[in-house]
Amino acid sequence: MKHVWMKTLLLLIASVAATSAQAAVDSYRFMHVTISTPWYIFLFLLMGIFAPFILMAVLAWTSAARKSNRAAVDSEHKPSVE
């Protein structure tokens, strides 16, 4: 019987602590939304959209540079007969 009362008391204390914690989470003081928040979201998404295009440009540039170097080396070792 003693354990039942102890469990009941602990459950009651836990439920009181949980309701006050829930009230604090539902408060607007944790949501610092200002007029600049949509701009921050927009800029974050903009970086995510343009990152693949920047990567594509860098990879195309390095590929073109590698092909021009290979063409220059091939022309030095195998001159064309004209």
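Residues numbered from 1 in each chain as written. Predicted model: local features only at pLDDT ≥ 70, side-chain atom pairs only at ≥ 80, totals over all residues. Heavy atoms only, no water.

Trainee: Describe in detail the overall build of the chain, supporting the description with residues and values.
Mentor: When helices and strands are counted, the chain shows 2 helices and 0 strands. Out of the 82 residues in the chain, the part that is buried amounts to 0%. Carbon and sulfur atoms make up 75% of the accessible area of the chain, which totals about 8,200 Å². (Helix = DSSP H or I, 4+ residues; strand = E, 2+ residues; numbered from the N terminus. Buried < 20%, exposed > 50% of the residue type's maximum accessible area, 1.4 Å probe, protein only. Areas by Shrake-Rupley, 256 points an atom, 1.4 Å probe, with all protein chains shown as cover.)

Trainee: Give a detailed account of the packing of aromatic side chains, specifying residues and quantitative values.
Mentor: Throughout the structure, instances matching the rule amount to 2 aromatic pairs. Arranged with centres 6.0 Å apart and planes meeting at 90°, the rings of Trp39 and Phe42 form a pair that is edge-to-face. One end of the pair is Trp39 and the other is Phe42, both in helix H2 (residues 37-77) and 3 residues apart, which spans about a single turn. (Phe/Tyr/Trp six-rings, centres within 6.5 Å; stacked < 30°, edge-to-face > 60°.)

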